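The chain contents come next:
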Amino acid sequence: GNSVTQMEGPVTLSEEAFLTINCTYTATGYPSLFWYVQYPGEGLQLLLKATKADDKGSNKGFEATYRKETTSFHLEKGSVQVSDSAVYFCAVTYGNNRLAFGKGNQVVVIP
Amino acid sequence: DVKVTQSSRYLVKRTGEKVFLECVQDMDHENMFWYRQDPGLGLRLIYFSYDVKMKEKGDIPEGYSVSREKKERFSLILESTSTNQTSMYLCASSPAAVNTEAFFGQGTRLTVV
């Protein structure tokens, strides 16, 4: 089935630094791709999405482009803030609207 | 706004107890899901329902069952809890349209002692 691989380990960076979190997927058909964010003690919130190849999802300064040729959906933000500290999950649809998630990346932004 | 509400934020149960985790959504979504979230493992699908009284096993259904008697409500049942079921449980819902996003509840942190 469809699956997602996120880069290993937490990400620690200084405020205003550039953030990249890598996500690659394996999929059959034409899935949608998502980034979700989880703040401490909360459930997951949709951050952005892309439904077809070359689509760019964007929200709150975050961006990700659906790259079918490299099967990637990397998340980027040009200048992070302390409030961006959270866990970020990449996800791909499969089957009857199920979602397969990556293992998540803890992002810590230091003032 | 879509709202998915889980009945408890925190639960502490003793080994062997029966536990019901309740989830209600207010957007008339056809699909509902139960995931568990563990450090280093991400989210894993326990059960999925695409209609009232319909259910499908996810990746880790052992030790769990579900009930969906009404469209808006999806319950996860742990018949006899064990310590390895200590986890964060997340409920989600989505519409029937293909390849759409899911909306999540705030999660229930279950500790089995």
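Residues numbered from 1 in each chain as written. Chains lettered and ligands numbered in written order. Predicted model: local features only at pLDDT ≥ 70, side-chain atom pairs only at ≥ 80, totals over all residues. Heavy atoms only, no water.

**Q** Would you mind going over the pattern of salt bridges in detail, with residue names and values included?
**A** Summed over the entire model, instances satisfying the criterion amount to 11 salt bridges over all chains. Where K49 of chain A meets E101 of chain B, a salt bridge forms, and the shortest distance between an N and an O atom there is 2.9 Å. Here the residue K49 of chain A occupies a position in strand β6 (residues 44-50), and E101 of chain B occupies one in the loop between β9 (87-94) and β10 (103-104), the pair thus bridging two chains. One salt bridge in this structure joins D38 of chain B and R44 of chain B, with 2.9 Å as the shortest N-O distance. Assessed through its relative accessible area of 26%, R44 of chain B is described here as partly exposed. (Salt bridge = Lys/Arg side-chain N within 4 Å of Asp/Glu carboxyl O. Helix = DSSP H or I, 4+ residues; strand = E, 2+ residues; numbered from the N terminus. Buried < 20%, exposed > 50% of the residue type's maximum accessible area, 1.4 Å probe, protein only.)

**Q** Report on the sheet that holds strand β9 (residues 75-77) of chain A, specifying residues and quantitative values.
**A** Residues and elements named next belong to chain A. Strand order in the open sheet formed by four strands is β3-β9-β8-β7, with antiparallel pairing between adjacent strands. The open sheet has two edge strands with one neighbour each: β3 (19-21) and β7 (56-59). Neighbouring strand axes in the sheet, compared pairwise and without regard to direction, differ in orientation by 15° on average. (Pairing = 2+ DSSP bridges. Axes fitted to C-alpha atoms, helices over the stretch in contact; angles between N-to-C directions.)

**Q** For the environment of G104 of chain A, give the residues involved together with the corresponding values.
**A** Residue and element names in this part refer to chain A. As for its position among the elements, G104 is in the loop between β11 (98-101) and β12 (105-110). Sequence separation between G104 and T5 is 99 residues; the distance between their C-alpha atoms is 9.1 Å. Excluding anything up to four places from it in sequence, G104 contacts Q6, V87, Y88 and F89. (Contact = heavy atoms within 4.5 Å.)

**Q** I'd love a proper account of the pairing of β7 of chain A, names of residues and values included.
**A** Residues and elements named next belong to chain A. By the bridge criterion, four bridges tie β7 to strand β8 (residues 62-65) in an arrangement that is antiparallel. Each residue of the ladder has a partner; that of N59, found in β8, is F62. In this structure, the hairpin formed by β7 and β8 is closed by a connection of two residues, where K60 is found at a positive phi of approximately 55°.

So far we have only geometry, and geometry alone does not tell us how the molecule works.
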